[in-house]
Amino acid sequence: MSHASHHQRTVPEATPTIERSLLLQNWAFRKAGDKEWLPAKVPGNNFSDLLRHGIIPDPFYRAHEADLQWIEKEDWEYKMVFEVEANRLSLQQQLLIFYGLDTYAEVFLNDQLLLEGYNMFLGYEVDVKTFLKAGPNELRIRFRSPIREVKAQAEAAGFTYPAGNDHAEEKLSVFTRKAPYHYGWDWGPRFVTSGVWRPVEWLSFDLARLKTANLVTKSLTAQGGIALAEVVVEAVVAGDYTLSLDIAQGRWQFERPIYLEAGENKITFEVELEVAAQWWPRTWGNPVLYDLDWQLKHAAVPVDQKSGRFGLCTIKLVREADKEGHSFYFEVNGQPIFAKGANYIPQDSFLDRPTEAHYRKVFEDMAAANMNMVRVWGGGIYEADLFYDLADEYGIMVWQDFMFACTMYPGDPGFIENVKEEALYNIHRLKGHPSLALWCGNNEIAVGWQYWGWQEEYGYNEENCRLMASDYERLFEAVLPELVFEHDATRDYLPSSPIYDYSDHENYSEGDVHYWGVWHEEAPFSTYKWAVPRFMSEYGFQSFPLLDSVKRYAEPEDWSIESPVMQLHQKHPRGNGIIRKYLLEHYRAPKDFESFLYLSQLLQAEGIRIAIEAHRKAKPFCMGTLYWQLNDCWPVASWSGIDYYGQWKALHYAVRQAFSPLLVVLETETEEWIATVVSDLPEEKHLRFIVGLYRLKGERLLLEEKRITVKPNGKISLELDYLKEAADSYDPAGLWLRLQLADGGAVAYDQTAYLVPARSLNLPQPKVRYTVEPSGAQLTVHLQSEVLVRGLHLSLEGVAGNFSDNFFDLCPGEPKTVQLTLPEPPAEGWPPIRLMSVYDSYTE
């Protein structure tokens, strides 16, 4: 990173000035070698700009991906002109700050080389005092092809790195510090972008500026806590200054006289908050945030100011020897917390597309599904500041991977130095967020090297193996942990996730696991019940988007699982076949393409629900479950619970219930039937447990109620011999069960269950009666049926949105009301309701 030069001089008495301008307007771009410049958007990228001008078709539509691979092999140029006023130019320090350049960039200011960029994840600051002039100034950036840039380096390595994500034979992605998913993954396309992907800022000042300012919790006291203020101040002029911190609009105020040397100064001091509320994850308390106002002054005159937020919170990853092996759980403010959540990938292949509204919806969706943790996976990006602000706000802990995934990486001095800069930049950017729970070195590299057979697959000799193993240890077991320890000492570091491969069953008691026996090995869903580690940080099953989403990227002639377009939008080589195999084991053959898509979602939801219930039932042996994956970066068949267009799949509705603070796990495949009631709440709960046995056509055969007490963060097992005895008297293909928990007068949990797979159920033909009540942008639907309706799904032609409940079992004789709320009423009025159920999806 370039640093500004500094000059010693006496602090002036005049009022100091600091000015900031974002340089986001009047950008133009072109392919290097072309004559014509076209308007561009910043932040943005070359694909989005080409699409905006109609030079390329929609990259996500049909099979266009294959036609756009030429873009990654070209160089691209961006430029803009900004005006510099003479009075601003007189300020002593002039900086240009580039918050994100993707990736190999030569930056020119007025035709003078200013900066050479080499890392997408790094911000750059450059002193431009001697480059600027009064009047118009041209900023021009040439982005070199990230493919051609490293070909010579790849050839010089003498062997191919095992980058399975990188579809190109050369496996070039490992040499470039750029979002790995851009090179393709088994759920994402290959679009290797270039461009100014985060803002550019022009900063001018006379005396000093606050470069970074973080307040992090050091320890908790009986009613409050001790926090550590860490501030970096860049001074042009040495001298006496005052640094003040106001917390919660004057509730706490701290002021320190400081002496600044010319250049960069690091100031640290402790502050005590005697009576303060703690920040808690969802369901454990409120995610209390206090506003911060940092002020830098000289002679009582403000020099610079920064605002922020602070949450009083300690989060530890506890890995200690116990009677069953070694623990793996997160302790928040001294309290063990069961982590419930998902793995998150970037929201789009093109990172200019997600808006603040998109980010907020991601967190609203997670909160609605009772999640308290999200893992920012190591094949994407260090997310925007907004992401972590929302995590703080919504009470969702963040497991943060460094951006390394599924391959070995170089360890030469240049690469290591590049990674050090990247890590330091992002540690200091993110460490002030109370939601930040963990730094993790990489995704799946340790188990990949030990278990996946890379050595044989790629024909590595002993020297290759020694080099790659040594490089791995240097980067993930020395460089990164040392940087975290030195610069974010309150956070724990995990070298790699998982600690153990899912094939290593003997070590499930020792740490976290990514369990892929279901899906990759095609093991039955029932294996989730025994494949339970101390923490399950990945597992999943695929499904398709529903037809309304498919219509947005495919034509009717593509509506077949075997069509070239549907195959292109399925990045796992065996994906469609695996889904079909499991589907026919659980359901009858779907009657058409739309039914196949619908049943794939019910299938996915069923599998993941079984896994989540097994993990939560095993508490405190298992203390976390993060399924793969929350979201999509383009329209695709994938493991996501929310499709690219923001539509909740059946999985997200099922997860909402499976992550409910109170849960019932029913076990009927053993000799004794057991119900385990699990609580993730901090208080003792006095509940009524209600279980019913019914015929599918509605007749009630048994209804029992029992008062129970569940300890804080505890569980209780209940024998259900009476239920088994009653069910044994009937054909299980005609039965369904209902499990409920009542907390006072409210139903806290409500689940249907079955004794045979859906394919064996003798489902009666549904006769759903419903009425609709439109009211502006909200539609209320009242439904009722005399027989059980399995997996009822409501939709509206041409209307995208998520009903308050969907893919539910409609219980006989019991009214059900659901609502759909849109940002604004449909332009052409509300279309008719469409209903789909398991019965409707069958051939018969």
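About the thresholds
- Residues numbered from 1 in each chain as written.
- Predicted model: local features only at pLDDT ≥ 70, side-chain atom pairs only at ≥ 80, totals over all residues.
- Heavy atoms only, no water.
- Pairing = 2+ DSSP bridges.
- Helix = DSSP H or I, 4+ residues; strand = E, 2+ residues; numbered from the N terminus.
- Axes fitted to C-alpha atoms, helices over the stretch in contact; angles between N-to-C directions.
- Phe/Tyr/Trp six-rings, centres within 6.5 Å; stacked < 30°, edge-to-face > 60°.
- Buried < 20%, exposed > 50% of the residue type's maximum accessible area, 1.4 Å probe, protein only.
- Lys NZ or Arg CZ within 6 Å of the ring centre and 35° of its normal.
- 1 Å grid on protein atoms, 1.4 Å probe; cavity = no way out; pocket = protein on both sides within 12 Å on 5 of 7 lines; lining within 4 Å.
- Points joined across faces, edges and corners; volume = space filled by probe spheres on them.
- Nonpolar A, V, L, I, M, F, W, Y, C, P; charged D, E, K, R; others polar.
- Salt bridge = Lys/Arg side-chain N within 4 Å of Asp/Glu carboxyl O.
- Patch = residues over 30% accessible without salt bridge, like charges linked within 9 Å, V, L, I, M, F, W, Y side chains within 5 Å.
- Areas by Shrake-Rupley, 256 points an atom, 1.4 Å probe, with all protein chains shown as cover.
- Lys, Arg positive; Asp, Glu negative; His and termini not counted.
- Charge placed at Lys NZ, Arg CZ, Asp CG, Glu CD.
- Polar contact = N/O pair within 3.5 Å; in protein donor to acceptor, adjacent residues only side chain to side chain.
- Contact = heavy atoms within 4.5 Å.
- Core = buried A, V, L, I, M, F, W, Y, C linked by side-chain atoms within 4.5 Å.
- Expected span 1.5 Å × (residues − 1).

## Points about the sheet that holds strand β46 (residues 808–810)
If you trace the three strands from one edge of the open sheet to the other, you get β46-β45-β48, paired in antiparallel fashion. The strands lining the two open edges of the sheet, one partner per strand, are β46 and β48 (833–836). For this sheet the average axis-to-axis angle between neighbouring strands, irrespective of direction, equals 50 degrees. Bridging between strand β45 (residues 789–796) and β48 involves four bridges; their strand directions are antiparallel.

## Things to note about the sheet that holds strand β2 (residues 27–31)
As summarised here, the arrangement of the six strands in space is β3-β2-β4-β10-β7-β8, forming an open sheet in which the pairing is antiparallel. The open sheet is flanked by β3 (38–40) and β8 (112–117), the only strands paired with a single partner. Going across the sheet, the axis of each strand differs from the next one's by a mean of 30 degrees, ignoring polarity. Relative to strand β4 (residues 76–84), β2 runs antiparallel, the two being bridged by four bridges. Its bridge partner lying in β4, Arg30 is registered against Glu77.

## Quick word on the packing of aromatic side chains
By the definition in use, this model includes 60 aromatic pairs. Each ring, one from Tyr515 and one from Tyr528, has its centre 5.9 Å from the other, and the planes form 65 degrees; the classification is edge-to-face. Here the residue Tyr515 occupies a position in the loop between β33 (512–514) and β34 (535–538), and Tyr528 occupies one in the loop between β33 and β34, the gap between them amounting to 13 residues. Residue class for Tyr515 comes out buried when judged on its relative accessible area of 4%. A connected cluster of aromatic rings, assembled from ring pairs, spans Tyr502, Tyr515, Trp516, Trp519, Phe525, Tyr528, Tyr539, Phe541, Tyr582 and Trp639. Its end group placed over the ring of Phe404, Arg177 keeps NZ or CZ at 4.0 Å from the ring centre. Here the guanidinium or amino end of Arg790 rests over the ring plane of Tyr754, the centre of that ring lying 4.1 Å away.

## Structural notes on empty space enclosed by the protein
Applying the stated criterion across every chain, the model contains five cavities of 30 Å³ or more. Considered as a void within the structure, the largest cavity measures approximately 160 Å³ in volume. Lining the largest cavity are 17 residues, and of these Thr217, Cys313, Thr314, Thr490 and Arg491 lie nearest its centre. Counting residues per element, the ones that place at least two in the lining of the largest cavity are β15 (208–220) and β22 (315–318). When residues in the lining of the largest cavity are grouped by element, the largest group, four residues, is from β15. Taken together, the residues of the lining of the largest cavity sort by class into seven nonpolar, six polar and four charged. Taken as a whole, the second largest cavity holds about 60 Å³ of empty space.

## Topic: the pattern of salt bridges
Under the counting rule described, the total for this entry stands at 62 salt bridges. The partner of Arg144 in a salt bridge is Glu106, with the nearest N and O atoms 3.4 Å apart. A residue pair is termed long-range when its members are at least 10 positions apart, and Arg144 in strand β10 (residues 135–144) and Glu106 in strand β7 (residues 104–109) qualify at 38 residues. Here Glu797 and Arg834 are joined by a salt bridge, their closest N and O atoms 2.6 Å apart. Note that Glu797 is positioned in the loop between β45 and β46 and Arg834 in strand β48, a separation of 37 residues in sequence.

## Some thoughts on a negative patch on the surface
Together, Glu671, Glu672, Glu719, Asp721 and Glu725 make up a negatively charged patch on the protein surface. Tracing the sequence through the fold places Glu725 in helix α15 (residues 721–727). Of the residues examined, Glu725 reaches a relative accessible area of 61% and is grouped as exposed.

## Notes on the side chain of Asn214
Mapped onto the fold, Asn214 is located in strand β15. Judged by its relative accessible area of 9%, Asn214 falls in the buried class. Polar contacts involving the side chain of Asn214 include one to the main-chain carbonyl oxygen of His428, which spans 3.1 Å. Ignoring any residue separated from it by four or fewer positions in sequence, one finds Asn214 in contact with Leu228, Ala229, Glu230, Trp294, His428, Lys431 and Gly432.

## Topic: the nonpolar core
Core analysis: the biggest nonpolar cluster contains 198 residues, and Phe98, Leu139 and Tyr515 have the highest contact counts within it. Core analysis: the second largest hydrophobic core is formed by 36 residues, Phe205, Leu210, Ala248 and Leu260 among them.

## Re the pairing of strand β39 (residues 700–710)
In this structure, strand β38 (residues 685–695) lies alongside β39, joined through ten bridges in antiparallel fashion. Pairing of Val691 across the sheet is with Glu704, part of β39. Counting the residues that bridge the hairpin from β38 to β39 gives four residues, and of these Gly698 lies at a positive phi of roughly 120 degrees.

## Considerations on helix α4 (residues 356–368)
An α-helical turn contains 3.6 residues, so any two residues separated by three or four positions project in the same direction. In a regular helix each residue adds 1.5 Å, so 13 residues correspond to 18 Å; α4 covers 18 Å between its end C-alpha atoms and thus fits that length. Turning to α4, its buried residues number three or more, namely Tyr359, Val362, Phe363, Asp365, Met366 and Ala367. Looking at the buried residues of α4, the elements they touch are β27 (339–344), β28 (373–376), α5 (385–394) and α14 (650–658). Once α4 finishes, Asn370 follows within two positions and takes phi at roughly 65 degrees, a positive value.

## Examining the environment of Gly624
Topologically, Gly624 is positioned in strand β35 (residues 624–627). A relative accessible area of 0% means that Gly624 is categorised as buried. It is 16 Å that separates the C-alpha atoms of Gly624 and Met366, two residues lying 258 residues apart in sequence. Those residues within four positions of Gly624 in sequence are excluded, and the remaining contacts are Phe338, Ala339, Arg534, Phe535 and Met536.

## Considerations on the environment of Arg88
Along the chain, the position of Arg88 falls in helix α2 (residues 86–89). Linking Arg88 and Thr17, residues 71 residues apart in sequence, is a C-alpha distance of 9.0 Å. There is a polar contact of 3.2 Å between the side chain of Arg88 and the backbone oxygen of Glu19.

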